[in-house]
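As a plain string of letters, each chain reads:
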Amino acid sequence: MKLKELFSFRFYIKKLLELKDRPEETARGLALGVFIGFLPVNGFQVLIAITIAAFAKASKIAAAIGTHVTNPWTTVPVLIIDYYVGCRILRILGYQVMRVSFSTFSISRLFSTGLALLAPTFVGGAFLGLIFSILSYFGFKKFVENIKEKQNAETA
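Calculation rules
Residues numbered from 1 in each chain as written. Predicted model: local features only at pLDDT ≥ 70, side-chain atom pairs only at ≥ 80, totals over all residues. Heavy atoms only, no water. Helix = DSSP H or I, 4+ residues; strand = E, 2+ residues; numbered from the N terminus. Buried < 20%, exposed > 50% of the residue type's maximum accessible area, 1.4 Å probe, protein only. Contact = heavy atoms within 4.5 Å. Salt bridge = Lys/Arg side-chain N within 4 Å of Asp/Glu carboxyl O. Expected span 1.5 Å × (residues − 1). Patch = residues over 30% accessible without salt bridge, like charges linked within 9 Å, V, L, I, M, F, W, Y side chains within 5 Å. Areas by Shrake-Rupley, 256 points an atom, 1.4 Å probe, with all protein chains shown as cover.

Draft legend 1. Highlighting the overall build of the protein chain. Summing up its helical and strand segments, the protein chain has 7 helices and 0 strands in all. Reading the helices (α) and strands (β) of the protein chain from amino to carboxyl end gives α-α-α-α-α-α-α. A buried classification covers 35% of the 156 residues belonging to the protein chain. A separation of at least 24 residues holds for 67% of the contacts in the protein chain among residues at least 6 apart in sequence.

What follows is the structure in structure tokens.
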């Protein structure tokens, strides 16, 4: 298997379709993974998603795959978008939010801003994660149902 193939969208769709779980379980697992993927818990996303999937009767493999919404190429942009969306939401709710400029970003500044950076990122991640997990749940479920209908029509 080539590295390029491992990071392709088609590869993950193929793996999801190969699962023996019911479409409902797979869609639930995928949605859970997508939600966790948007949260700023990098490094623990797969572990968290699989643990919650076990309790939620969702596909653990689909949950792990869903977390790949953030990967080495998308993590930084997703976290930045999470931060800005979270700032916007918190301001709408009446909270004061310290604006961090990413043009003068540094690791030392990251540690000094800590919670001021993490709170909006978590709020934005939860908001975006909720939206994209709902879309992925219904979208993937409909996708699988359409494929099964086609397969049934071809065999009939």
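Draft legend 2. Quick look at the pattern of salt bridges. Overall, the coordinates contain 3 salt bridges when judged by the stated rule. Notably, a salt bridge pairs Arg 28 with Glu 24, separated by 3.4 Å at the nearest N-O pair. Residue Arg 28 and its partner Glu 24 are located together in helix H3 (residues 23–38), separated by 4 residues, close to a single helical turn. A relative accessible area of 24% means that Glu 24 is categorised as partly exposed.

Draft legend 3. Local environment of helix H6 (residues 75–92). In this model H6 runs 26 Å from its N-terminal to its C-terminal C-alpha over 18 residues, within 8% of the 26 Å that 1.5 Å per residue would give. Of the residues making up H6, those classed as buried are Thr 75, Val 78, Asp 82, Tyr 83, Gly 86, Cys 87, Ile 89 and Leu 90. Residue Gly 94 follows H6 closely and has a positive phi angle near 95°.

Draft legend 4. Quick peek at a nonpolar patch on the surface. Taken together, the side chains of Phe 127, Ile 131, Phe 132 and Leu 135 make up a nonpolar region of the molecular surface, amounting to roughly 370 Å² of accessible area. Position of Phe 127 among the secondary structure elements: in helix H7 (residues 107–155).

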